[in-house]
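Coordinate inspection notes
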Amino acid sequence: MTAPDELGVDYLEVRGLTVDFDGFKAVDDVDLTLLQGRLHFLIGPNGAGKTTLVDALTGLVPATGLARYRNRDLLALKSHQIVRAGIGRTFQTATVFEQLSVLQNLDIAGGVHRKAWRMPFARRGVPDYVEHALETIGLTDLRDRPAGILAHGQKQWLEIGMLLVQDAKVMFLDETVAGMSQEEREATGELLRRIGQERTTVIIEHDMNFVRSFADVVTVMHAGKVLAEGSLAEIQADARVQEVYLGRAATAIEEGV
Ligand code: ADP
Ligand code: MG
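Our subject in this report is the structure included herewith. Counting of residues starts from 1 at the beginning of each chain's written sequence and follows it residue by residue. Chains and ligands are labelled sequentially in the order written, the chains with letters from A and the ligands with numbers from 1. For a predicted model such as this one, the threshold for reporting local features is a pLDDT of at least 70, and the threshold for listing and counting side-chain atom pairs is 80 or more; totals across whole chains, interfaces and linings nevertheless cover every residue. Excluding hydrogens and water, the side-chain figures rest on all heavy atoms present in the structure.

1. Some words on the coordination of the magnesium ion (ligand 2)
The coordination sphere of the magnesium ion (ligand 2) contains the protein donors Thr51 (OG1) and Gln92 (OE1), at a distance range of 2.1 to 2.4 Å. Taken together, the positions of Thr51 in helix H2 (residues 50-57) and Gln92 in the loop between strand E6 (87-89) and helix H4 (102-110) put the pair 41 residues apart, joining distant regions of the chain. For Thr51, a relative accessible area of 24% puts it in the partly exposed group. Using a 1.4 Å probe on the protein chains alone, a residue whose accessible area is under 20% of its type maximum counts as buried, one over 50% counts as exposed, and one in between counts as partly exposed. With a relative accessible area of 43%, Gln92 lands in the partly exposed category. For Na, K and Ca the donor cutoff is 3.2 Å, while for all other metals N, O and S atoms count as donors only within 2.8 Å; water does not appear among the atoms, so some sites may look incomplete. The helix count covers DSSP runs of H or I at least four residues long, the strand count covers runs of E at least two residues long, and both are numbered beginning at the N terminus.

2. Notes on the nonpolar core
The biggest cluster of nonpolar side chains holds 43 residues, and the ones touching the most others in it are Phe41, Leu106 and Leu158. Per element, the largest residue contribution to this core is 7 residues, and it comes from helix H6 (residues 152-165). Sequence-distant contacts of Leu158, defined by excluding residues within four places in its chain, comprise Val96, Val102, Asn105, Leu106, Ile137, Leu139, Ala147 and Leu150. Think of a nonpolar core as a cluster: buried Ala, Val, Leu, Ile, Met, Phe, Trp, Tyr and Cys residues, connected wherever their side-chain atoms sit within 4.5 Å. Counting residues in hydrophobic clusters, the runner-up holds 27 residues, among them Val14, Leu17, Ala48 and Leu74. Contacts are assigned to residue pairs with any non-hydrogen atoms lying within 4.5 Å of each other.

3. With respect to the site of ligand 1
Ligand 1 sits among Phe21, Phe24, Ala26, Pro45, Asn46, Gly47, Ala48, Gly49, Lys50, Thr51 and Thr52. Definition of a polar contact: a pair of N or O atoms within 3.5 Å, with one able to donate and the other able to accept a hydrogen when the atoms are protein atoms, and with sequence-neighbouring residues admitted only if both atoms are side-chain atoms. Between Ala48 and ligand 1, the recorded distance is 3.2 Å, taken from a backbone N or O atom to an oxygen atom. Interatomic distance of 2.8 Å between a side-chain N/O atom of Lys50 and an oxygen atom of ligand 1. All accessible areas in this document rest on Shrake-Rupley with a 1.4 Å probe, and a residue is counted as covered only by the protein chains that are shown. If ligand 1 stood free it would expose 560 Å²; the protein chains cover 59% of that surface. At the level of elements, strand E2 (24-35) and H2 are the ones that each hand at least two residues to the shell around ligand 1. When residues in the shell around ligand 1 are grouped by element, the largest group, 3 residues, is from H2. A breakdown of the residues in the shell around ligand 1 according to their chemical character gives 5 nonpolar, 5 polar and 1 charged. Whether a residue is near a molecule or strand depends on its heavy atoms: if one lies within 4 Å, it is near. Amino acids are sorted into nonpolar (Ala, Val, Leu, Ile, Met, Phe, Trp, Tyr, Cys and Pro), charged (Asp, Glu, Lys and Arg) and polar (every other residue, Gly among them).

4. A few points about the sheet that holds strand E4 (residues 64-69)
What makes two strands pair is DSSP finding at least two bridges between them. What the 4 strands build is an open sheet, ordered E2-E1-E4-E5; its pairing is antiparallel. Only two strands of the sheet have a single partner each, and these edge strands are E2 and strand E5 (72-73). In this structure, E4 lies alongside E5, joined through 2 bridges in antiparallel fashion. Across the sheet, the residue bridging to Arg68 is Asp73, located in E5. Across the face of the sheet, H2 comes into contact with strand E1 (11-21), E2 and E4 while running at roughly 110° to E1. Only C-alpha atoms enter the line fits that serve as axes; for helices the fit covers just the stretch in contact. Angles between N-to-C directions range over 0 to 180 degrees.

5. A short note on the environment of Arg193
Among the secondary structure elements, Arg193 is positioned in helix H7 (residues 182-196). The partly exposed category is assigned to Arg193, whose relative accessible area is 38%. Residues Arg193 and Gly37 lie 156 residues apart in sequence; the distance between their C-alpha atoms is 8.5 Å. In this structure Arg193 touches Leu39, Ser213 and Phe214, once residues within four positions along its chain are discounted.

6. Some remarks on the layout of surface pockets
Buriedness for pockets is judged along seven lines, at least five of which must meet protein on both sides within 12 Å for an open set on the 1 Å grid over protein atoms alone, while cavities are sets there where a 1.4 Å probe fits but cannot get out, and lining residues have an atom within 4 Å of a point. Grid points are joined across faces, edges and corners, and a volume is the space filled by probe spheres set on the points. What the largest pocket holds in volume is close to 360 Å³. In this structure, the largest pocket is lined by 18 residues; those nearest its centre are Val83, Arg89, Phe91, Leu163 and Gln166. Every element with two or more residues in the lining of the largest pocket is listed here: helix H3 (79-84), E6, H4 and H6. A per-class count over the lining of the largest pocket returns 9 nonpolar, 7 polar and 2 charged.

Honestly, that's just the spatial picture; any functional story needs more than this.
What follows is the structure in structure tokens.
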């Protein structure tokens, strides 16, 4: 295989990643190579370790192994240093400030790259990168409304906008389209395709129709380990994957659910 370095793209390389909760390995010796420009989907049953893997790569739980990004080992960094290194994530439950406006939410998120003395809100006007993020996520017209009034899908897009203003080059999206309407899912997939070109994107997802529409690469996790990786077609053809996970999901795909 061609090394990512030779392809001239950014990448995150994970080797032997293990998260041990008092003897229980929620993530167990995981190897992953995540390349820029691909929508990389992470699937697997509940409890497989998907969220814990992201927690480990974003400094929220201690882990062993290696997670190399631009010649730095993320496992040696604190979570705020990881954000500054260009790694961003969303959470399974939305984390926007409901009382604050869309714009204020973006402004606060963008604060990670501002000097401490330049307080949010105190500055006049809207910085270009915030305007740009608003346009990208399609919330320009709602920028002065409280985030609390946003529809479910729009809140998730605001979270993605918060990653954009943080200048996240690696984005982990934890079940972002869960609970979205079909229309919102389509819009989200298109959004991720647009912004994913220049980023490394990892999407945790259960909806196999969404995976089929947008995945470039699929990694299946089970019991803390990587069970299989490849295109969706390759994954679906894998007997072990069918056994532990896709049995029901595969049926759903055939039925077009
Ligand atoms: P997924 O996101 O794939 O559904 P998780 O990463 O949330 O799975 O959880 C993987 C396993 O690790 C589960 O069995 C869960 O109960 C366990 N787990 C997660 N966080 C902790 C923790 N802080 N302490 C102990 N066990 C945990
Ligand atoms: Mg999870």
